[in-house]
Amino acid sequence: MRNTTHPVESGYPVFVEPFDADNRYRRVRLRGLGSEPLEREEFEPTVRKAFPDIDFDDPQQVHWADRPGQWPAWHPGEA
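These notes cover the structure that comes with them. Per chain, residue numbering runs from 1 following the sequence as it is written. Where totals are concerned, whole chains, interfaces and linings use all residues; where local detail is concerned, this predicted model gives features only for residues with pLDDT of at least 70, and gives and counts side-chain atom pairs only at 80 or more. To obtain the side-chain values, all non-hydrogen atoms of the structure were used and water was disregarded.

1. A short note on the nonpolar core
Where a protein is soluble and globular, its nonpolar side chains tend to be buried together.
And then number 1: Core analysis: the largest hydrophobic core is formed by 12 residues, namely Val14, Val16, Val28, Leu30, Leu38, Phe43, Val47, Phe51, Ile54, Val62, Trp64 and Trp71.
And then number 2: If near-sequence neighbours (up to four positions away) are discounted, Trp71 is found in contact with Phe19, Arg26, Val28, Leu38, Glu39, Arg40, Phe43 and Trp64. By convention a nonpolar core is built from buried Ala, Val, Leu, Ile, Met, Phe, Trp, Tyr and Cys residues, the set being connected through side-chain atoms within 4.5 Å. Buried residues are those whose accessible area, probed at 1.4 Å on protein chains only, stays under 20% of the maximum for their type, while exposed residues exceed 50% and partly exposed ones sit between those limits. We call two residues contacting when some pair of their heavy atoms lies within 4.5 Å.

This is the structure we're talking about:
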């Protein structure tokens, strides 16, 4: 997992940074592990690997900066 330029932990086990319509990823911070850009399909498996018992519906465990559960539109073949 790559470290982010923001060294401060959010306090949440999982913190999903703000939505960026120009990118198919959302940057996701995992407490104690840093952050990385994830696609929708990578999100749950990556989080479960770090936190096997996490409750994705608990905002104290998975906090979305904005647009909970939404990911930028992306279509295969786009860069």
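Next comes the rest of the write-up.
2. Concerning the pairing of strand S3 (residues 34-38)
Two faces make up the sheet, and in a regular strand the side chains alternate between them.
And then number 1: Two strands qualify as a pair provided DSSP detects at least 2 bridges between them. Only DSSP runs of H or I with at least four residues qualify as helices, and only runs of E with at least two residues qualify as strands; both kinds are numbered from the N terminus onward. The pairing of strand S2 (residues 26-30) with S3 spans 5 bridges and is classified as antiparallel. Across the sheet, the residue bridging to Val28 is Glu36, located in S3.
And then number 2: Hairpin connection of S2 to S3: 3 residues between the antiparallel strands, including Gly32 at a positive phi of 80°.

3. Overview of the environment of Gln70
And then number 1: Looking at the element boundaries, Gln70 is found in the segment after strand S4 (62-64).
And then number 2: For the pair formed by Gln70 and Arg26, sequence separation is 44 residues and the distance between their alpha carbons is 9.3 Å.
And then number 3: When neighbours within four sequence positions are excluded, Gln70 is seen to be in contact with Phe19, Arg26 and Trp64.

4. As for the sheet that holds S2
And then number 1: Pairing in this open sheet of 4 strands is mixed, and the strands run S3-S2-S1-S4 from one edge to the other. Each edge of the open sheet is held by one strand with a lone partner, namely S3 and S4. Taken pair by pair, the neighbouring strands of this sheet meet at an average axis angle of 20°, ignoring direction.
And then number 2: Here 3 bridges tie strand S1 (residues 14-16) to S4, and the two strands are oriented parallel to one another. The residue of S4 that forms the bridge with Val14 is Val62.
And then number 3: To obtain each axis, a line is fitted to C-alpha atoms, and for helices this fit is confined to the stretch in contact; angles are then taken between N-to-C directions over 0 to 180 degrees. Its contacts with the sheet put helix H1 (residues 40-50) on S1, S2, S3 and S4, and the angle it makes with S3 is roughly 150°.

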